[in-house]
Amino acid sequence: MNAAKKVIIDCDPGIDDALALMLALASPELEILGITVVCGNVPARMGAENALKILKQMGRMDIPVYIGEESPLVRTYVDAMDTHGEDGLGESHYPEVTKMRPRTGAVQFLARMLEQAAKAPEEAKISIIALGPMTNLARLMRQYPESLAGLGELVSMGGSYKSHGNCSPVAEYNYWCDPHAAGEVYAGFAALPVLRGKRIHMIGLDVTREIVLTPNLLEYMCCLNPERGDFIRRITRFYFDFHWKQEGIIGCVINDPLAVAYFIDRTMCSGFAAHTEVETEGICLGQTVVDDHDFWKREKNSHILTKTDALRFMKFFFTRVIGECEEQVLEELMGRVLR
Ligand SMILES: [Ca+2]
């Protein structure tokens, strides 16, 4: 077996972040060096507390959690607690983890780790799976640009190529929350010599909208693995209610875990390379503008994922987080998304 890939997960937990972390923690292909938290769905400090709750649930208290940026670069911070609940975990109100505490200095942690990997061969570099706004990453790029020599790959859940947004007709939350940060990171991938040839893998709403956790799937989880199933039920209940009111779906779209699955298995999604920029002003604030026809003849700084196979993803998630399952049953239960 190949050595596990070194990775840092930058996130804002967040219900779907919690599911993504569970998937990552249950995947032997990953060596998770740390979890860095940014303000997004919830304030960074609350997100860090939530990350600890997930680590406790998964029995992985060996992984450090770092609190990062507490406000976007320019915009006033707008959380998503209407979607994720007042505790960020669907008002499940699991008790605070006291055995281990979050540390401060997420950006410095990222810089330190990447600097150490700067001279390592490509396969030993450190990748980042970004599941929240890109504020920590933009600060890293501003303050420690040379540390990016240690970056393997960047997979980002965010943006939207052709699908509608979830904060405006055109904008997805992570990039809308801090469009300047996302814009700087995409620009950096187009311009910085240290990132030459690298592309941001953009897992946008085009593909994540395909991933819907339905009540039937949740029941199946609870049957196969009562402990994990119950945890997921408690944190997603609020999310189900929100989706029904907002999108008319019985179930919930779970965006972030697909980014983890794609990082591990590149055949999970497919797409194309293009130059992408992020709008930072006006009614299109936070929109990802993907130059799919190469009008601008600029450096292709992104790999835009447009297709995925929801059944394959669901089997991947179940097998790792819940346990053995029957594909036929999954297929049947997935076929009943009411919209
Ligand atoms: Ca997230």
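See the structure above.
Report follows, based on the coordinates. (Residues numbered from 1 in each chain as written. Predicted model: local features only at pLDDT ≥ 70, side-chain atom pairs only at ≥ 80, totals over all residues. Heavy atoms only, no water.)

The protein atoms donating to the calcium ion are Asp 12 (OD), Asp 17 (OD), Asp 17 (OD), Leu 131 (O) and Asp 256 (OD), with metal-donor distances spanning 2.3 to 2.5 Å. Ordering the donors of the calcium ion by residue number gives the pattern D-x4-D-x113-L-x124-D. Here Asp 12 is found in the loop between β1 (5–11) and α1 (15–25), whereas its partner Asp 256 is found in helix α11 (residues 256–264), with 244 residues between them in sequence. Taken as a pair, Asp 12 and Asp 256 share a single burial class, namely buried. (Donors = N, O, S within 2.8 Å, 3.2 Å for Na, K, Ca; no water. Helix = DSSP H or I, 4+ residues; strand = E, 2+ residues; numbered from the N terminus. Buried < 20%, exposed > 50% of the residue type's maximum accessible area, 1.4 Å probe, protein only.)

Right, let's get into the side chain of Ser 127. When you line up the elements, Ser 127 lands in strand β5 (residues 126–130). A polar contact is formed between the side chain of Ser 127 and the backbone nitrogen of Glu 153, at a distance of 2.9 Å. In contact with Ser 127, not counting residues within four places along its chain, are Lys 6, Val 7, Ile 8, Leu 151, Gly 152, Glu 153 and Phe 263. (Polar contact = N/O pair within 3.5 Å; in protein donor to acceptor, adjacent residues only side chain to side chain. Contact = heavy atoms within 4.5 Å.)

With that settled, consider the pattern of salt bridges. In the structure shown here, the tally under the stated rule is 17 salt bridges. Linking Arg 60 and Asp 62 is a salt bridge whose minimum nitrogen-to-oxygen distance equals 3.1 Å. The partner of Arg 298 in a salt bridge is Glu 277, with the nearest N and O atoms 2.7 Å apart. Residue Arg 298 is located in the loop between β11 (288–291) and β12 (302–308), and its partner Glu 277 is located in strand β10 (residues 269–278); the two are separated by 21 residues in the primary sequence. Residue class for Arg 298 comes out partly exposed when judged on its relative accessible area of 40%. Classification of Glu 277 as partly exposed rests on a relative accessible area of 33%. Shared partners join several salt bridges into a network, and the residues in it are Glu 49, Glu 96 and Arg 101. (Salt bridge = Lys/Arg side-chain N within 4 Å of Asp/Glu carboxyl O.)

Our next topic: helix α10 (residues 226–247). Bending of α10 peaks at approximately 45° at the position of Thr 236. Listing the buried residues of α10 in full gives Arg 228, Gly 229, Phe 231, Ile 232, Ile 235, Thr 236, Tyr 239, Phe 240, Phe 242 and His 243. Gly 248 lies just past α10 and shows a positive phi near 65°. (Bend = angle between axes of the 7 residues up to and from the residue.)

To continue, consider empty space enclosed by the protein. Scanning the entire structure with this criterion turns up 1 cavity of 30 Å³ or more. Mapped onto the lining of the largest cavity, the elements with two or more residues apiece are α5 (135–143), β6 (151–157) and α7 (179–191). Of the residues forming the lining of the largest cavity, the biggest block, 3 residues, is contributed by α5. Residue classes in the lining of the largest cavity are distributed as 9 nonpolar, no polar and no charged. (1 Å grid on protein atoms, 1.4 Å probe; cavity = no way out; pocket = protein on both sides within 12 Å on 5 of 7 lines; lining within 4 Å. Points joined across faces, edges and corners; volume = space filled by probe spheres on them. Nonpolar A, V, L, I, M, F, W, Y, C, P; charged D, E, K, R; others polar.)

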